[in-house]
Amino acid sequence: MLGFIFAVAKLARLHEQFTSTKTFTIDRNSLNEGFNFFERFIVLVDSDKIKVFSSKCTHLGCRITKTEGQELVCPCHGSHYNKNGEPVQGPAPRQLETPAFKISRDKIIITFVVG
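Quick caveat, the model's predicted, so the values are computed rather than measured. (Residues numbered from 1 in each chain as written. Predicted model: local features only at pLDDT ≥ 70, side-chain atom pairs only at ≥ 80, totals over all residues. Heavy atoms only, no water.)

**Student:** Describe in detail the sheet that holds strand 4 (residues 49–54), supporting the description with residues and values.
**Tutor:** Across the sheet, which stays open at both edges, the three strands sit in the order 2-3-4 with antiparallel pairing between neighbours. Edge positions in the sheet fall to strand 2 (34–37) and strand 4, since each of these pairs with one other strand and no more. With direction set aside, neighbouring strand axes in the sheet form an average angle of 20°. The pairing of strand 2 with strand 3 (residues 41–46) spans four bridges and is antiparallel. Its bridge partner lying in strand 3, F37 is registered against I42. (Pairing = 2+ DSSP bridges. Helix = DSSP H or I, 4+ residues; strand = E, 2+ residues; numbered from the N terminus. Axes fitted to C-alpha atoms, helices over the stretch in contact; angles between N-to-C directions.)

**Student:** Break down the state of the cysteines for me, with residues and values.
**Tutor:** According to the stated counting rule, one finds one disulfide in the structure shown. Disulfide partner of C62: C76, at an S-S distance of 2.1 Å. Taking the sign of the torsion about the S-S bond as the criterion, the disulfide between C62 and C76, at about -105°, is left-handed. Pair noted here: C62 is in the loop between strand 4 and strand 5 (66–68) and C76 is in the loop between strand 6 (71–73) and strand 7 (80–81), with a separation of 14 residues, a long-range link. Unpaired in terms of disulfides, C57 finds its nearest cysteine sulfur in C74, a separation of 3.8 Å. The buried category is assigned to C57, whose relative accessible area is 5%. (Disulfide = S-S within 2.5 Å. Buried < 20%, exposed > 50% of the residue type's maximum accessible area, 1.4 Å probe, protein only.)

Written as structure tokens, this is what we have:
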């Protein structure tokens, strides 16, 4: 049993070595109403509500870069996601990841786990 505990602890340390967090700051005034696309994430401004999603499709990881109507669309295999990041069409098995983010008066700070 003790060997198992040491193995788990070693795996946890290895995981920490290969993962890190990355922080992005966006000027709130630079965002348009609707979907705003960035390299790793998508920011939705819907009236006074702000939502942040990973731009990585949950099917095979293609980067989502476009919309059709009020839905996000993956260009690789046609998965569609609604304004809550939930899949509504196509092969995507689950909703888009939502990174941690904070909103201040004029900034949005988004934190991703990388690795």
